[in-house]
Amino acid sequence: MPELPKAHPEVTWAQRSSASDAERNYLYVNIKASDVARDAATLKITSTNVTFAGDSKKGVRYEVSLDLYAEIDPDQSKVNHSDREVELVLRKKELKEEFWPRLLKTTQKIHFLKTDFDKWVDEDEQDEVAEDDYANNFGGFEGMGGMGGEGGLGNIDFSKLGAGLEGMGGAVPGAEGAEGESDDEEMPELEEADKAAGESAKSSKIQEVS
């Protein structure tokens, strides 16, 4: 059987942080590997790395290895594998108010890694959305339990990585096998925030006049 062409799935991410509440101290990582069945995928999550590989029904093998900026707690993390994507909620190990400066250990720009602006919240605005976070962003994870819990991982096999993950070429830039993103992918662009602030100020002035 001929070897399938390899491709990196698009990866998006957002985060929350807390110095006191572990439930609000996590990363949201979405691996967009469409048409990859659970039994055709391998996923390994350690305290410092997430590795995924899977054969698409369209004849493409998706592979990605993410060396994380800091440690997570795999046992307190969750996953939901659908036909369109693999959604991960990764619990940060260290309780800390400050955001991670980036998702990955390396500062190298990675073309397939992007900020999930739909789920991103600025560090100083977290308390305003905390109550609705799981209902709005992570509803599909309800009742799944932790990584080691029954049903939490579906048919994803954590006991193996697949030989194809070694020597992934472009999947692991440089000798270190690390992947990262540039600073301009870390936060929503400043001009968007300035624009929103301007619109708010304009609205307030209109109300005062009326």
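Quick notes on the rules
Residues numbered from 1 in each chain as written. Predicted model: local features only at pLDDT ≥ 70, side-chain atom pairs only at ≥ 80, totals over all residues. Heavy atoms only, no water. Phe/Tyr/Trp six-rings, centres within 6.5 Å; stacked < 30°, edge-to-face > 60°. Helix = DSSP H or I, 4+ residues; strand = E, 2+ residues; numbered from the N terminus. Buried < 20%, exposed > 50% of the residue type's maximum accessible area, 1.4 Å probe, protein only. Pairing = 2+ DSSP bridges. Axes fitted to C-alpha atoms, helices over the stretch in contact; angles between N-to-C directions.

Under an unreviewed UniProt entry, the name given to the protein is HSP20-like chaperone, and the source organism is Aspergillus caelatus.

J.: How would you explain the packing of aromatic side chains if you had to name every residue and give the values?
T.: Evaluation of the coordinates by the stated rule reveals three aromatic pairs. Pairing Trp13 with Trp120 gives two aromatic rings, centres 5.4 Å apart and planes at 85°, and the pair type is edge-to-face. With Trp13 in strand β2 (residues 10-15) and Trp120 in the loop between β9 (113-115) and α1 (126-129), this residue pair connects regions lying 107 residues apart in the sequence. Note on Trp13: relative accessible area 0%, which makes it buried.

J.: So what's going on with the sheet that holds strand β7 (residues 72-81)? Residues and values would help.
T.: The strand order across the open sheet built from five strands is β7-β8-β3-β2-β9, with neighbouring strands paired in mixed fashion. Both edges of this open sheet fall to β7 and β9, since each of them pairs with a single strand only. Each adjacent strand pair in this sheet contributes to an overall mean axis angle of 25°, direction not counted. Here β2 pairs with strand β3 (residues 26-32) via six bridges, running antiparallel. Across the sheet, residue Val11 finds its bridge partner in β3, namely Ile31.

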